[in-house]
Amino acid sequence: MGKRKYLHRGHTVTDVKYHFAWVTKYRYPVLRGEIAVRARDIISEVCEAREITIIKGVVSRDHVHVLV
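Computed from a predicted structure; not experimentally measured. (Residues numbered from 1 in each chain as written. Predicted model: local features only at pLDDT ≥ 70, side-chain atom pairs only at ≥ 80, totals over all residues. Heavy atoms only, no water.)

> Can you lay out the pattern of salt bridges for me, pointing to particular residues and giving the numbers?
Throughout the structure, instances matching the rule amount to 3 salt bridges. Taking the shortest distance from any N to any O, the salt bridge between Arg27 and Asp62 comes out at 3.2 Å. Of this pair, Arg27 sits in the loop between strand E3 (19-23) and helix H1 (33-49) while Asp62 sits in the loop between strand E4 (56-59) and strand E5 (63-67), and the two are 35 residues apart along the sequence. Residue Asp62 is classed as buried on the basis of its relative accessible area of 17%. The partner of Asp41 in a salt bridge is Arg40, and the shortest N-O contact between them spans 3.6 Å. For Asp41, a relative accessible area of 29% gives the class partly exposed. Classification of Arg40 as partly exposed rests on a relative accessible area of 47%. (Salt bridge = Lys/Arg side-chain N within 4 Å of Asp/Glu carboxyl O. Helix = DSSP H or I, 4+ residues; strand = E, 2+ residues; numbered from the N terminus. Buried < 20%, exposed > 50% of the residue type's maximum accessible area, 1.4 Å probe, protein only.)

What follows is the structure, given as structure tokens:
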């Protein structure tokens, strides 16, 4: 984990984090093996392209959690 980036505005300092969760249709357990690896790689590439830091991420069989 790198240096924290705080947003300074006026008389406030904020540290904004977002939690995203994606669920497969009907919660089918399809995120296994190569599919899980590919999903993780795509999420990493998109975040890197937009200069978003992934704090924590988990790919489960039927859902994905990402804290950015």
